[in-house]
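Residue-level structure breakdown
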Amino acid sequence: MSHNDPFVGALKQLEKLKNLINLEENIYQQLQSPQKFLEVSIPVKMDNGQIRVFKGFRSQYSNARGPYKGGIRFHPQVNESEVKALSMWMALKTAVVGIPLGGGKGGVIVNPKELSASELEKLSRGYIQAIHKLIGPNVDVPAPDVYTDPKIMGWMLDEYEKLTGGGNPGVITGKPLSIGGSKARSYSTAQGGFYVLQEAVKKMSLHNVRVAVQGFGNAGATMANILAKNGYKVVAVSDSKGGIYNSEGLDMTTLSVHKEKTGSVASFFGAQNIDGNILFQEVDILVLAALENSVTLENAEQIKAQLIIELANGPITHEADEILDKAGKVVVPDILANAGGVVVSYFEQVQNAYNYYWEEKDVLEKLAKIMTQSFDEVWRKKEKYNTNMRTGAYALAVERIGQAMKDRGWI
Ligand code: NAD
């Protein structure tokens, strides 16, 4: 296992917490692995008539606080360790924001960009055929993640309902609006991240801030747009093909058109291409919205931003985290910063259960309240234990999960 193995890093963080908060051994031991882990094979008849077998996973980490909850990732680098780490972070995330859910995650090893629409649909339905006995609105509720979207959730819901009979929209969140999706779900991760970013800016008394955003996908591009609309100067953004910089701030409207047309932010006429790494720009805030392990032992020292927002899951390795901590950087951890998505997923489930749908402004009001309150609670734990925000967030989450385990008589 490499030193950047995400599950190993996640467990190290738990270990660090153990002494700090006097975590009971009986709770600690139960948080060392998922309660259930499933590996499946999904045969798909490709357009050329040949069968290709894809490997998929579902990890059910903890249901102490409620049904397992977590997205499904379609990506060539999906692996067992990544799915386990992501499922553990989901359990912590739902606990940090205090919603009555546990944590799970799924994934399929595939590059969906290489599949036709009909192959992608067969794979999505095949994944549900393989795991449907393990999921349900009160058992385990999947959602989108990297390279999965509302359209895929629609196919998955349809397959589940065909297999089980009857309407059951709460089994999956992140659905299209026409079949039980929630308003504001599509941008809820970034919106939630924006609410906590604002709280951090207030706490740190930052003014006239310049922001860089790594990753210009669902989460990152939406965040960049929200920031620009709210008067923040987004001076640099990047995607997998390159990065750009404009000291006056990037024009998001024209940039989005450019990205749509060319498939990348690179070579945008309203900016210069960045030679070096987006992480090293002279900015006050760095938003990490790409994938895991972006900030490592090798590059952490060169980060200039004072405030780092983890919109992606696990973008900073355990070792890099310690470097940033020593350098006095404030890192708003993933399990708080990107929890807006799961909060609105929870709202979606509530609306499905009531079969009554809320206005967008009601969703946003409720989201803002949960995110700002959770930020405060994490900040208080950070102060109480004289630690950083990540450990504060882990402390809050693990204390809540531990309490639920006790109340269930698990320890
Ligand atoms: P996405 O695929 O839409 O976007 C990822 C972006 O990162 C793309 O623009 C890609 O080009 C870019 N990227 C990849 N490698 C890069 C690199 N080396 N340098 C710079 N950019 C790079 O995925 P997403 O849904 O936006 O998810 C991004 C992260 O946010 C993931 O960690 C995901 O788990 C997390 N997240 C997303 C949501 C959500 O609702 N979308 C919710 C919670 C967490």
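Because the structure is a prediction, the values reported are computed rather than measured.

**Things to note about the nonpolar core**
- Among the nonpolar cores identified, the biggest contains 88 residues, and Ile-285 and Val-287 are the most heavily contacted of them.
- Among the elements that line this core, the one with the most residues is helix 13 (residues 389-407), at 10 residues.
- Here this core spans two domains, since at least three of its residues come from each of domain 1 (35-170) and domain 2 (188-337).
- When residues no more than four places from it in sequence are discounted, the contact partners of Val-287 are Leu-197, Val-211, Ala-212, Val-213, Gln-214, Met-223, Leu-227, Ile-309 and Leu-311.
- Counting 24 residues, the second-largest nonpolar core is a separate cluster that includes Ile-72, Phe-74, Leu-123 and Val-171.

**So, the pattern of salt bridges**
- Applying the stated criterion across every chain yields a total of 24 salt bridges.
- A salt bridge links Arg-58 to Asp-140, with the shortest nitrogen-to-oxygen separation between them at 2.7 Å. On the criterion of sequence distance, the pair formed by Arg-58 in strand 2 (residues 51-62) and Asp-140 in strand 5 (residues 140-144) is long-range, its members being 82 residues apart.
- Judged by relative accessible area, which is 0%, Arg-58 ranks as buried.
- Beyond isolated ion pairs, a larger network of salt bridges with shared partners links Arg-73, Glu-82, Lys-105, Asp-145 and Glu-292.

**Digging into helix 1 (residues 6-20)**
- For helix 1, spanning 15 residues, the distance from its first C-alpha to its last is 22 Å, which sits close to the expected 21 Å at 1.5 Å a residue.
- Buried residues of helix 1: Pro-6, Phe-7, Gly-9, Ala-10, Leu-11, Gln-13, Leu-14 and Leu-17, and no others.
- Of the surrounding secondary structure, the elements contacted by the buried residues of helix 1 are helix 2 (25-30), strand 2, helix 3 (80-96), helix 9 (318-326) and helix 13.
- Where helix 1 starts, the residue carrying a side-chain oxygen 3.0 Å from the main-chain nitrogen of Phe-7 turns out to be Asp-5.

**What to know about the domain arrangement of the protein**
- Its domain assignment divides the protein into domain 1 (35-170) and domain 2 (188-337).
- Taking only C-alpha atoms into account, the centre of domain 1 sits 28 Å from that of domain 2.
- Each partner contributes residues to the interface: domain 1 has 11 residues there, and domain 2 has seven residues.
- Of the roughly 800 Å² buried between domain 1 and domain 2 on both sides combined, carbon and sulfur atoms contribute 61%.
- Together, Trp-89, Lys-93 and Val-96 form the three largest contributors to the area buried by domain 1 at its contact with domain 2, with a combined 51%.
- Summed over the shared surface of domain 1 and domain 2, the number is one salt bridge.
- Two residues, Glu-292 and Arg-73, come together in a salt bridge whose shortest N-O distance is 2.9 Å.
- Elements that contribute at least two residues to the side of domain 1 that touches domain 2 include exactly strand 3 (68-75) and helix 3.

**Regarding the site of the ligand**
- Surveying the vicinity of the ligand reveals 22 residues, the closest of which are Thr-189, Asn-218, Ala-219, Ser-240 and Asn-313.
- At 2.8 Å, a backbone N or O of Asn-218 approaches an oxygen atom of the ligand.
- Asn-313 places a side-chain nitrogen or oxygen 2.8 Å from an oxygen atom of the ligand.
- Of all elements in the fold, only helix 7 (218-229) and strand 7 (233-239) reach the threshold of two or more residues within the shell around the ligand.
- Broken down by class, the residue content of the shell around the ligand amounts to eight nonpolar, nine polar and five charged.
- Viewed by domain, the shell around the ligand spans two of them, domain 1 (35-170) and domain 2 (188-337), each represented by three or more residues.

**Thoughts on the environment of Val-196**
- Tracing the sequence through the fold places Val-196 in helix 6 (residues 188-204).
- Given a relative accessible area of 0%, Val-196 falls into the buried group.
- Taking the C-alpha atoms as reference points, Val-196 and Ile-309, 113 residues apart in sequence, are found 8.7 Å from one another.
- Look past the residues within four positions of Val-196 in its chain and what remains in contact with it is Val-332, Leu-336, Ala-337, Met-371 and Phe-375.

**Points about the sheet that holds strand 3**
- Across the sheet, which stays open at both edges, the five strands sit in the order 1-2-4-3-5 with mixed pairing between neighbours. Both outer strands of the open sheet, strand 1 (36-45) and strand 5, are each paired with one neighbouring strand and no more. Going across the sheet, the axis of each strand differs from the next one's by a mean of 20 degrees, ignoring polarity.
- Pairing of strand 3 with strand 4 (residues 103-109) involves four bridges; the strand directions are parallel. What sits directly across from Arg-73, in strand 4, is Gly-107.

Basis of the calculations
Residues numbered from 1 in each chain as written. Predicted model: local features only at pLDDT ≥ 70, side-chain atom pairs only at ≥ 80, totals over all residues. Heavy atoms only, no water. Core = buried A, V, L, I, M, F, W, Y, C linked by side-chain atoms within 4.5 Å. Buried < 20%, exposed > 50% of the residue type's maximum accessible area, 1.4 Å probe, protein only. Helix = DSSP H or I, 4+ residues; strand = E, 2+ residues; numbered from the N terminus. Domains from an automatic or database assignment. Contact = heavy atoms within 4.5 Å. Salt bridge = Lys/Arg side-chain N within 4 Å of Asp/Glu carboxyl O. Expected span 1.5 Å × (residues − 1). Polar contact = N/O pair within 3.5 Å; in protein donor to acceptor, adjacent residues only side chain to side chain. Buried area = accessible area lost by both parts, 1.4 Å probe. Near = heavy atom within 4 Å. Nonpolar A, V, L, I, M, F, W, Y, C, P; charged D, E, K, R; others polar. Pairing = 2+ DSSP bridges. Axes fitted to C-alpha atoms, helices over the stretch in contact; angles between N-to-C directions.

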